[in-house]
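For reference, the chains in residue letters:
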Amino acid sequence: MDPFDAGAGGLLRQPKAVWATAGASVVAFMGIGLVDPILPSIAQGLHATASQVSLLFTSYFLITAVAMLLTGFVSSRIGGRKTLLLGLAFVVVFAGLAGTSGTVGQLVGFRAGWGLGNALFVSTALAVIVGAAAGGSAAAILLYESALGLGMACGPLLGAVLGNVSWRYPFFGTATLMAIGFLCITAFLKEQPRPARKTSVLDPLKALGHGGLASAAVSAFFYNYTFFTVLAFTPFVLDMTPYRSGAVFFAWGVLLAVFSVIVAPRMQARFGSLKVLGGSLVLLAADVLVLGYGGHTAAIVCTILSGAFIGVNNTVYTELALGVSDAPRPVASAGYNFVRWFAAAAAPYFAPKIEEWTDLHIPFVVAAVTAVLGALVVVVRRKALTREAEELEPKHAAEDGVGVFADADRPN
């Protein structure tokens, strides 16, 4: 089945509840890249260093990683709809407070609260979209990745437009948009069926005992270090006005969206998921090396180009995480995200520190090495990932009406 088919079950023919959740997801992902164009402005406005401002990402993703252990525990007790609304409420409150910050410490603390809300929302949103979408998980994952790509593209653009007036306005803008998302979820999403068994805090960690899921998580950990070196450290390297930096990361986000939703499925159909993932990681490593050692124009081009590789990687990793183990999808997703988000917290902290200890080029060398390490995990564990994914497809097909991998998309 073509997930882009406009017929019943196609990507474009989904219930209102799915569109409401996907729309709110767009805004949630906008919050990740929102601060990119205004990082130098925040540093100037709060008299902070690059490494201090980068803690905006570190606090956000560190709390997000830890909170992944709580998302299933909460949603299995109060339901998916209430969990989404709780997460949105946290984001509205803390994004608004972030705009009132008087010191970089306050801003970092409010971003941590924002990260807690985003963890509750984003992890539950994927499960809700998969459960409510017409056409099974193939269409649902593409819709989720579409929301991710659109949000990552629009976040820097919104940050640039509002941040050009004041670095505080993007935070107020996010709070407003998430409040609208809260109203949409309230109006259009009915309560989802709760799982037969309540999830414990330790279930995501237990799920990581599965070799395939653990391999996907470890590979994604290395990849995410590279991803967030580009996202959080590159704005300081480009050293551009909010408008120009926003334009660069908007183009980056457009490529991310196009390659995650349109290009990646077609490449998987032709070459297989694991070959595509391994090749894309190696190309990303080469790209960040040129970004680090090239001139200013090369840095701009390579920053934009990295969006293509990141888009492909995001789609394949999501499919692997949801389909490779026998754990319930929300539990598997929580365990996988628990591991990979730690790298998203580490990269924004260590990249500026590495520059202080060495020079401007070395953070990108480290990022290239981590991308290659991610590819090596895929190569070394390819048999386990392939075998386990194929064995579990009938189980997930019975759950969703369609497997995570269509026949042509199955990794080989």
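The structure presented is a predicted model; accordingly, all values stated were derived computationally and were not measured.

Points about the overall build of the protein
Next, step 1: For the protein, the helix and strand inventory stands at 16 helices and zero strands.
Next, step 2: Looking at the protein as a whole, 58% of its 412 residues are labelled buried.
Next, step 3: Within the protein, contacts between residues at least 6 apart in sequence are counted, and of these 86% link residues at least 24 apart.
Next, step 4: Summed over its atoms, the accessible surface of the protein is roughly 15,000 Å², and 68% of this surface lies on carbon and sulfur atoms.

Overview of the nonpolar core
Next, step 1: Ile42, Phe61, Phe171, Phe228, Leu231 and Trp252 are the most contacted members of the largest nonpolar core, which has 121 residues in total.
Next, step 2: In terms of residues, this core owes the most to one element, helix α10 (residues 211–238), which gives 14 residues.
Next, step 3: In this view, Phe171 contacts Leu34, Val35, Ile38, Ile42, Ala95, Gly96, Ala98, Gly99, Leu107, Arg111 and Trp114; residues no more than four positions away in its chain are not counted.

Topic: empty space enclosed by the protein
Next, step 1: Enumeration according to the criterion identifies two cavities of 30 Å³ or more in this entry.
Next, step 2: Within the residue set of the lining of the largest cavity, elements represented by two or more residues are α1 (16–33), α6 (104–132), α7 (136–163), α10, α13 (296–323) and α14 (329–357).
Next, step 3: Residues of the lining of the largest cavity, tallied by class, amount to 17 nonpolar, six polar and two charged.
Next, step 4: In this structure, the second largest cavity occupies an estimated 60 Å³ of space.
Next, step 5: Around the second largest cavity sit Phe29, Ile32, Tyr60, Phe61, Thr64, Met68, Asn118, Ala119, Val122 and Trp341, which together line it.

Quick word on the packing of α10 against helix α15 (residues 362–380)
Next, step 1: The interhelical angle for the contact between α10 and α15, taken along N-to-C directions, is 160°, at an axis separation of 8 Å. Judged on the interaxial angle alone, α15 and α10 are roughly antiparallel. Handedness of the crossing formed by α10 with α15: left-handed. Here Ser215, Val218, Ser219, Phe222, Tyr223, Tyr225, Thr226, Thr229, Phe233, Thr234 and Val237 of α10 lie close against α15, whose contacting residues are Pro363, Phe364, Val366, Ala367, Thr370, Ala371, Leu373, Gly374, Val377 and Val378.
Next, step 2: For the contact of α10 with α15, the per-class residue count stands at 14 nonpolar, seven polar and no charged.

Observations regarding helix α8 (residues 169–188)
Next, step 1: Here α8 contains 20 residues, and its C-alpha end-to-end distance of 29 Å stays within 8% of the 28 Å for a straight helix at 1.5 Å per residue.
Next, step 2: Along α8, the residues classified as buried are Pro170, Phe171, Gly173, Thr174, Ala175, Met178, Gly181 and Ile185.

Considering unusual backbone geometry
Next, step 1: Even without being glycine, His47 reaches a positive phi, approximately 55°.
Next, step 2: Mapped onto the elements, His47 comes out in the loop between α2 (39–45) and α3 (50–53).
Next, step 3: Among the residues examined, His47 registers a relative accessible area of 74% and is labelled exposed.
Next, step 4: One non-glycine residue, Asp239, lies in the positive phi region at around 50°.

Digging into the confidence of the model for the protein
Next, step 1: The pLDDT averaged across the protein works out to 82; a share of 88% of its residues lies at or above 70.
Next, step 2: The low-confidence segment residues 387–412, where pLDDT is below 50, has 67 contacts with residues more than four positions distant or belonging to other chains.

Here's the deal with the packing of α14 against α15
Next, step 1: In the contact formed by α14 and α15, the axes pass within 8 Å of each other and the chain directions differ by 130°. Looking at the two axes, α14 sits oblique to α15. The segment α14 lies against α15, with Ala351, Ile354 and Glu355 engaging Ile362, Pro363 and Val366.
Next, step 2: Broken down by class, the residue content of the contact of α14 with α15 amounts to five nonpolar, no polar and one charged.

Digging into the side chain of Thr226
Next, step 1: Inspection of the secondary structure assignment puts Thr226 in helix α10.
Next, step 2: A distance of 3.2 Å separates a polar side-chain atom of Thr226 from the backbone nitrogen of Ala371.
Next, step 3: Ignoring any residue separated from it by four or fewer positions in sequence, one finds Thr226 in contact with Leu284, Val288, Ala367, Thr370 and Ala371.

Some points on α10
Since one α-helical turn is 3.6 residues long, residues separated by three or four positions face the same way.
Next, step 1: Over its 28 residues, α10 runs 40 Å from end to end, which matches the ideal 40 Å to within 8%, given 1.5 Å per residue.
Next, step 2: The sharpest bend along α10 comes to roughly 35°, located at Ala232, with the proline Pro235 sitting one to four residues further on.
Next, step 3: The element α10 is largely enclosed, with a buried count of 22 among its 28 residues.
Next, step 4: Two residues or fewer after α10 comes Asp239, characterised by a positive phi angle close to 50°.

Thresholds applied
Residues numbered from 1 in each chain as written. Predicted model: local features only at pLDDT ≥ 70, side-chain atom pairs only at ≥ 80, totals over all residues. Heavy atoms only, no water. Helix = DSSP H or I, 4+ residues; strand = E, 2+ residues; numbered from the N terminus. Buried < 20%, exposed > 50% of the residue type's maximum accessible area, 1.4 Å probe, protein only. Contact = heavy atoms within 4.5 Å. Areas by Shrake-Rupley, 256 points an atom, 1.4 Å probe, with all protein chains shown as cover. Core = buried A, V, L, I, M, F, W, Y, C linked by side-chain atoms within 4.5 Å. 1 Å grid on protein atoms, 1.4 Å probe; cavity = no way out; pocket = protein on both sides within 12 Å on 5 of 7 lines; lining within 4 Å. Points joined across faces, edges and corners; volume = space filled by probe spheres on them. Nonpolar A, V, L, I, M, F, W, Y, C, P; charged D, E, K, R; others polar. Axes fitted to C-alpha atoms, helices over the stretch in contact; angles between N-to-C directions. Parallel < 35°, antiparallel > 145°, perpendicular 65-115°, else oblique. Left-handed = near helix turned anticlockwise from the far one by under 90°. Expected span 1.5 Å × (residues − 1). pLDDT = per-residue confidence, 0-100. Polar contact = N/O pair within 3.5 Å; in protein donor to acceptor, adjacent residues only side chain to side chain. Bend = angle between axes of the 7 residues up to and from the residue.

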